[in-house]
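The primary structure of each chain is shown beneath.
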There are 2 protein chains.
Amino acid sequence: VAVPVDDEGLRVDRLAALGPAGPRVVMVTPAHQFPTGVVLSAGRRAALRDWAAGCEGLVLEDDYDAEYRYDRQPVGALQGLAPERVTYAGSVSKTLAPGLRLGWLVAPERLAEQLVAAKERDDLGTPVVEQLALADFLERGELDRHLRRTRAVYRGRRDALVAALERHLPGCAPTGVAAGLHLVVALPAGTDERALLAAARAAGIGLAGLSEHAVTPAPPALLLGYGRIAEPAIEAGVRALRVSLPA
Amino acid sequence: VAVPVDDEGLRVDRLAALGPAGPRVVMVTPAHQFPTGVVLSAGRRAALRDWAAGCEGLVLEDDYDAEYRYDRQPVGALQGLAPERVTYAGSVSKTLAPGLRLGWLVAPERLAEQLVAAKERDDLGTPVVEQLALADFLERGELDRHLRRTRAVYRGRRDALVAALERHLPGCAPTGVAAGLHLVVALPAGTDERALLAAARAAGIGLAGLSEHAVTPAPPALLLGYGRIAEPAIEAGVRALRVSLPA
């Protein structure tokens, strides 16, 4: 069941309007909605908490990209608002390495036993060596240091991307820039996003489109990730992007 | 669907007798049937191959305990007899450490793509650090050296356990001794296995019973594991066991 997202995040009113026939479990990425990059607003957080309380529902909070915020104070996790109605998930896939396959859940007490049993049935548990290494890394404050260092690196890349977009595509008004490792550039209405992506790929430019990650038809837009590209390459990439766009 | 096991392993005739209404996928542990410790005989291996060919079935071969054989030449994997009808599974959980959570499948070519997709859907893949370390360990021949060394250790423990059983429980005739890390001691017919296990536990002796691992009612028997017990402790353990058994 897809629920629309606007510039404040999930339309909780649309979720609630589904009523008793609608879902009682909802999955959200409040820190940086994927793919739009929108941060779930304070009002929507309160509304989502009220929705869950009202229907005895459960919110699955995937806190991905929460560690990388640039222009604003960190927003607390939704889980803190309603610990009995939210199962919080985090991982080191974006911050350290996806190959570690390590994450964590903070779940309501009443679900703990079932979750442990499900995990055991699923895979008999996660490898222990990385868990011990990560625990040590956390205890020594190394993850915090790593995040402070990489936050500055990613902010630099984001700033370089925003500046290059302003230079080469003035008026494109990127969104989702306050956090995370990608931003969104809307394309002119009527642009054939799929054809544009195919043409860019044929020219050796890897681009991702909003529609590839949307459940229902989405307006044409590009997702530009800057997590793995060094600052000097960003300017050249945006120049190549401009050439591949329709006039 | 449970299929009986005798001293040659799975009763393939009973599996085949289930006919088209019976299962077309069968799970076996040919190297050391769990829990009886029986090795699947050459005749049964051929019969199982024929069964799978006849019904276009699939055999899931869990090759657990195959690395630890003591009194006989290694038996080849069932997979070698019918590579298009067998999916072979192995792991380092028994040989190196269960905490590594590493194993492998050798599957018919036609299933490879679906298996890769299922693995990706399930967990996005296994952590890479241990995989690289294990690959290096294998390439340098270290796993073979480790197995040769531990095979001698486990054989010593098995011999100590068999000798202690002969001394303290003459006539108990343990079975499943040719391979693996546990053997089976039948209890006199009519013994209440569950009561005996409870009494032993109350006396501080941890014992496992055959019925705990059987799908249908099984004759009373004990599973005695020697993977984690040093030789000097085995004699004392069997003496304590004798005391806890009914006269």
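Coordinates for the structure precede this section.
Residues numbered from 1 in each chain as written. Chains lettered and ligands numbered in written order. Predicted model: local features only at pLDDT ≥ 70, side-chain atom pairs only at ≥ 80, totals over all residues. Heavy atoms only, no water.

### Comments concerning the overall build of chain A
Part 1 of the argument: From N to C terminus, chain A includes seven helices and nine strands.
Part 2 of the argument: Taking 247 residues into account, the globule formula puts the C-alpha radius of gyration at 18 Å, and chain A, at 20 Å, falls close to it.
Part 3 of the argument: Judged by the C-alpha coordinates and their principal axes, chain A covers about 55 × 45 × 35 Å.
Part 4 of the argument: For chain A, the residues scored as buried account for 40% of the 247 residues in total. (Helix = DSSP H or I, 4+ residues; strand = E, 2+ residues; numbered from the N terminus. Rg over C-alpha atoms; globule rule 2.2 N^0.38 Å. Buried < 20%, exposed > 50% of the residue type's maximum accessible area, 1.4 Å probe, protein only.)

### As for the pairing of strand β9 (residues 221-225) of chain A
All names here are of chain A.
Part 1 of the argument: Among the five residues of β9, four are classified as buried, and the element is accordingly described as predominantly covered.
Part 2 of the argument: Summarising the sheet, strand β7 (residues 182-186) and β9 pair through five bridges and their orientation is antiparallel. Looking at β9, one finds that Val 185 is bridged to Leu 222.
Part 3 of the argument: By the bridge criterion, two bridges tie strand β8 (residues 208-209) to β9 in an arrangement that is antiparallel. Pairing of Ala 208 across the sheet is with Leu 223, part of β9. (Pairing = 2+ DSSP bridges.)

### Section: the relation of the copies chain B and chain A
Both copies of the chain are related by one operation, a rotation about an axis with a shift along it.
Part 1 of the argument: For these two chains of identical sequence, chain B goes onto chain A by a turn of 180° and a shift of 0.1 Å along the axis, with RMSD 0.0 Å. The two molecules are tied by a two-fold rotation axis, judged by turn and shift. When C-alpha distances to the rotation axis are compared across chain B, the minimum falls at B:Pro127, with a value of 4.0 Å.
Part 2 of the argument: A shared binding surface is used by both copies, with 100% of the interface residues of chain B retained as interface residues in chain A. (Least-squares fit on C-alpha atoms with pLDDT ≥ 70 in both. Contact = heavy atoms within 4.5 Å.)

### Quick notes on the pattern of salt bridges
Part 1 of the argument: Applying the stated criterion across every chain, the model contains 26 salt bridges over all chains.
Part 2 of the argument: A salt bridge links A:Glu84 to A:Arg110, with the nearest nitrogen and oxygen atoms 3.3 Å apart. Taken together, the positions of A:Glu84 in the loop between β4 (58-62) and β5 (86-91) and A:Arg110 in helix α3 (residues 109-123) put the pair 26 residues apart, joining distant regions of the chain.
Part 3 of the argument: Exposure remark for A:Glu84: the relative accessible area of 43% places this residue in the partly exposed category.
Part 4 of the argument: The class of A:Arg110 is partly exposed, set by a relative accessible area of 42%.
Part 5 of the argument: Measuring nitrogen to oxygen at the nearest pair gives 2.9 Å for the salt bridge that ties B:Asp136 to B:Arg140.
Part 6 of the argument: Residue classification places B:Asp136 among the partly exposed positions, given a relative accessible area of 34%. (Salt bridge = Lys/Arg side-chain N within 4 Å of Asp/Glu carboxyl O.)

### Structural notes on a nonpolar patch on the surface
All names here are of chain A.
Part 1 of the argument: Taken together, the side chains of Val 25, Met 27 and Leu 60 define a hydrophobic patch exposed on the protein surface, amounting to about 260 Å² of accessible area.
Part 2 of the argument: Mapped onto the secondary structure, Leu 60 falls in strand β4.
Part 3 of the argument: By relative accessible area, Leu 60 is classed as partly exposed at 30%. (Patch = residues over 30% accessible without salt bridge, like charges linked within 9 Å, V, L, I, M, F, W, Y side chains within 5 Å. Areas by Shrake-Rupley, 256 points an atom, 1.4 Å probe, with all protein chains shown as cover.)

### A closer look at the sheet that holds β5(A)
Residues and elements named next belong to chain A.
Part 1 of the argument: If you walk across this open sheet you meet the four strands as β3-β4-β5-β6, and the pairing is mixed. Strand pairing shows two members of the sheet lacking a second neighbour, β3 (25-28) and β6 (103-106), which therefore form its edges. Direction aside, the axes of adjacent strands within the sheet are offset by 15° on average.
Part 2 of the argument: As judged from the four bridges shared by β3 and β4, these two strands associate in the parallel manner. Within the sheet, the bridge partner assigned to Val 25 lies in β4 and is Leu 58. (Axes fitted to C-alpha atoms, helices over the stretch in contact; angles between N-to-C directions.)

### Digging into the sheet that holds β8(A)
Part 1 of the argument: One open sheet holds the three strands; their spatial order is β7-β9-β8 (chain A), and the pairing between them is antiparallel. Of all the strands in the sheet, just β7 and β8 of chain A have a single pairing partner and so form its edges.

### Observations concerning the interface of chain B and chain A
Part 1 of the argument: Contacts between the two partners involve twelve residues from chain B and, on the opposite side, twelve residues from chain A.
Part 2 of the argument: Buried area between chain B and chain A, summed over both chains or domains, comes out near 850 Å², and the portion from carbon and sulfur atoms is 52%.
Part 3 of the argument: Between the two partners, chain B and chain A, sit zero salt bridges.
Part 4 of the argument: The tally of links between chain B and chain A comes to six residue pairs in polar contact (both at pLDDT 80 or more).
Part 5 of the argument: Contributions of two or more residues to the side of chain B that touches chain A are made by α3 (112-123) and α4 (128-139) of chain B.
Part 6 of the argument: By residue number, the principal contributor to the side of chain B that touches chain A is α4(B), which donates three residues. (Buried area = accessible area lost by both parts, 1.4 Å probe. Polar contact = N/O pair within 3.5 Å; in protein donor to acceptor, adjacent residues only side chain to side chain.)

### A closer look at the packing of aromatic side chains
All names here are of chain B.
Part 1 of the argument: Tallied over the entire structure, the rule returns four aromatic pairs over all chains.
Part 2 of the argument: Taking 4.8 Å as the distance between ring centres and 80° as the angle between the ring planes, the aromatic pair formed by Tyr 68 and Tyr 154 counts as edge-to-face. Residue Tyr 68 is found in the loop between β4 (58-62) and β5 (86-91), and its partner Tyr 154 is found in helix α5 (residues 142-168); the two are separated by 86 residues along the sequence.
Part 3 of the argument: Residue class for Tyr 68 comes out buried when judged on its relative accessible area of 0%.
Part 4 of the argument: Among the residues examined, Tyr 154 registers a relative accessible area of 14% and is labelled buried. (Phe/Tyr/Trp six-rings, centres within 6.5 Å; stacked < 30°, edge-to-face > 60°.)

### Some words on the side chain of B:Thr87
Part 1 of the argument: With respect to the helices and strands, B:Thr87 occurs in strand β5.
Part 2 of the argument: Discounting residues that sit within four places of it in the chain, B:Thr87 has contacts with B:Leu58, B:Val59, B:Leu60, B:Glu61, B:Leu105, B:Val106, B:Ala107, B:Pro108 and B:Leu111.

### Some details on the nonpolar core
Part 1 of the argument: Ranked by size, the top nonpolar core spans 28 residues in total, and within it A:Leu161, A:Leu165, A:Leu183, A:Leu207, A:Leu222 and A:Leu224 carry the most contacts.
Part 2 of the argument: It is helix α5 (residues 142-168) of chain A that contributes the most residues to this core, eight residues altogether.
Part 3 of the argument: Apart from residues lying up to four places away in sequence, A:Leu207 is in contact with A:Leu196, A:Leu197, A:Ala200, A:Arg201, A:Glu212, A:Leu222, A:Leu224 and A:Leu241.
Part 4 of the argument: Residues B:Tyr154, B:Leu196, B:Val238 and B:Leu241 belong to the second largest nonpolar core, which totals 27 residues. (Core = buried A, V, L, I, M, F, W, Y, C linked by side-chain atoms within 4.5 Å.)

### Describing the packing of α5(A) against helix α7 (residues 231-244) of chain A
Residue and element names in this part refer to chain A.
Part 1 of the argument: In the contact formed by α5 and α7, the axes pass within 9 Å of each other and the chain directions differ by 30°. Comparing their axes, α7 and α5 come out roughly parallel. Handedness of the crossing formed by α5 with α7: right-handed. Contact residues: α5 offers Gly 156, Arg 157, Ala 160, Leu 161, Ala 164, Leu 165, Arg 167 and His 168, while α7 offers Glu 231, Ile 234, Glu 235, Val 238, Arg 239 and Arg 242. (Parallel < 35°, antiparallel > 145°, perpendicular 65-115°, else oblique. Left-handed = near helix turned anticlockwise from the far one by under 90°.)

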